[in-house]
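Examining the three-dimensional arrangement
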Amino acid sequence: MLKRALVVFLIAASATIGFAQEPWKAHQPKLTPQESGTTQLLIAVSPVNSRVVWAAGTGGTYVVTTDGGETWRAGVVPGAKTLQFRDVHGVSEKVAYLMSIGNNTTDFRIYKTVDGGATWTIQFKNETVNAFYDCFAFWNPKRGITHSDSVNGVFPDIRTTDGMTWHSIADHMPPALPGEASFAASGTCITTQGQRNAWIATGGSTTARILATRDGGDTWNAYDTPLVSSASAGAISVAFRDPWNGIVGGGDLSTNSSADAATSNDGGQTWTLMNKPPVAGAIFCLAYVRDNRHGDGEEADHEHDHTVVVTAETEPNFDTGSAAWTPDEGRTWFKLPDVSGYWAVAFANPKAGWFVGNGGQILKISF
C-alpha cells in the first residue's frame, strides 16, 4: 500500500450558498513563510489555538510554537531518531501526542508529553504483525482512536478513554473488504467531531468507503463513496464541520490521477461528487478552515464555514505540487499560486492555519 504523500489539502472555509464568485477572486488568503528550526520533512500539523501549534515528521522530529509561529522550537524524541511521526495531536503548549511508524512491527508507537516536549512517554507499542497504523484523532484530551490498515479482514484499531492506556476495538469494527486499507494522509484519514462522532476514509479495495461511528467507537457502519478505489487509490482524507456535513477527498496515488472530492449532508451515509480541483494528483489532506477539532473560538461569525484549499504533490518524488481552494466545498475552485511541497494543513481559525512539508517548510495561511 502506497504510504507516502502526494498532498492535496482540502481546507474548507465557507461561502454562503449562491454567493457571487467574482468577489472571491480578489480575496486570496495571505501566505506567510515561517522558520521551523529543522530541515526534516514535516508530515503532520495540529494547531491548539492561534498561538500554540505542534507539527512533526521524519527523524523523530517535532516542532512547537507558542507565539503563532513567530518562533518555533524543534526537538527530537529520544530513541525515535529512525522513526517517522505520521500524526500529531496538540492539546496545549505542554501536552501533545505523536504517532510513529518505521520498518518494524514495534516501530508503530504512540508517544505523549506533558511538559512541552522535555520528556516523552511511550503509551503504546504495536505487536500485531502486518498492522500499519495510519492516523489518530481525539474527541478531547483523554479520548482518542487510532486506525490501522486491515489485517486478515480485521481492522486492529485501538482506543483510549483515559489519555494513558490504549485498548483494541477490533471486534467493534466493520469487516474489511479484501485489501482494504487507509492512507497515512498526514493524520487525516480519520476525523472526530463533537464528543462521539468519527469517520474513517478507506481505499485499497474495490470500493472506497467511509467507516462511521456515533457512539465513540462502540459500533460502526460502513458506507460506499463514489471515489475511485484500487490497491493505490481510494478515499484518502476526510473532515466534518458538524455531525452531518462533511467532505472526503482522494484519487490514485500511483498514477497521479482522479483527484476528486465528494460531500455528504447525512453524516456520511451518501456522497455527491463535487467539481474537480485544478490540481494534478490525488487529494491527500483536507481540513476545514473553521476547524471544529482544533478551533479556539476566536472568530464568532460563520463566513468561512465551507471553504476548501487544495495542494497536491505528485509521484515519484513528492517534492512538487500545486494548490487551490474553494469557498463552497468544491462547487467553485481558485488556484493558490506558489504553494508546493507541503504535506499537511490545519487551522485554528480562518486567520490562523499552517501548511507543513518538505525540508521543514512551514507556511502560515490566513483568510
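Let me sum up the structure you'll find in this document. Just so it is clear, the model here is predicted, and its values are computed rather than measured.

Remarks on the nonpolar core
Counting 20 residues, the largest nonpolar core has V45, I236, W354, V356 and I362 as its most contacted members. At the level of elements, β3 (42-47), β4 (53-57), β27 (342-349) and β28 (352-357) are the ones that each hand at least two residues to this core. Once residues within four sequence positions are removed from consideration, V356 is found in contact with L42, I43, A44, V45, A55, Y342, W343, A344, Q361 and I362. Listed in part, the 16 residues of the second largest apolar core include V48, V52, A96 and Y111.

As for the environment of I158
With respect to the secondary-structure elements, I158 resides in strand β13 (residues 158-160). Distance from I158 to I169, taken between C-alpha atoms, is 5.4 Å for residues 11 residues apart in sequence. Beyond its immediate stretch of four places on either side in the chain, I158 contacts F108, I110, F124, Y133, G144, I145, T146, W166, H167, S168 and I169.

A few points about the sheet that holds strand β5 (residues 61-65)
With antiparallel pairing, four strands are arranged side by side in an open sheet as β3-β4-β5-β6. Of all strands in the sheet, those with a lone pairing partner are β3 and β6 (73-76), marking the two edges. For this sheet the average axis-to-axis angle between neighbouring strands, irrespective of direction, equals 20°. When β4 meets β5, the two strands line up antiparallel, connected through four bridges. Of the residues in β5, the one forming a bridge with A55 is V63.

The rules behind the values
Residues numbered from 1 in each chain as written. Predicted model: local features only at pLDDT ≥ 70, side-chain atom pairs only at ≥ 80, totals over all residues. Heavy atoms only, no water. Core = buried A, V, L, I, M, F, W, Y, C linked by side-chain atoms within 4.5 Å. Buried < 20%, exposed > 50% of the residue type's maximum accessible area, 1.4 Å probe, protein only. Helix = DSSP H or I, 4+ residues; strand = E, 2+ residues; numbered from the N terminus. Contact = heavy atoms within 4.5 Å. Pairing = 2+ DSSP bridges. Axes fitted to C-alpha atoms, helices over the stretch in contact; angles between N-to-C directions.

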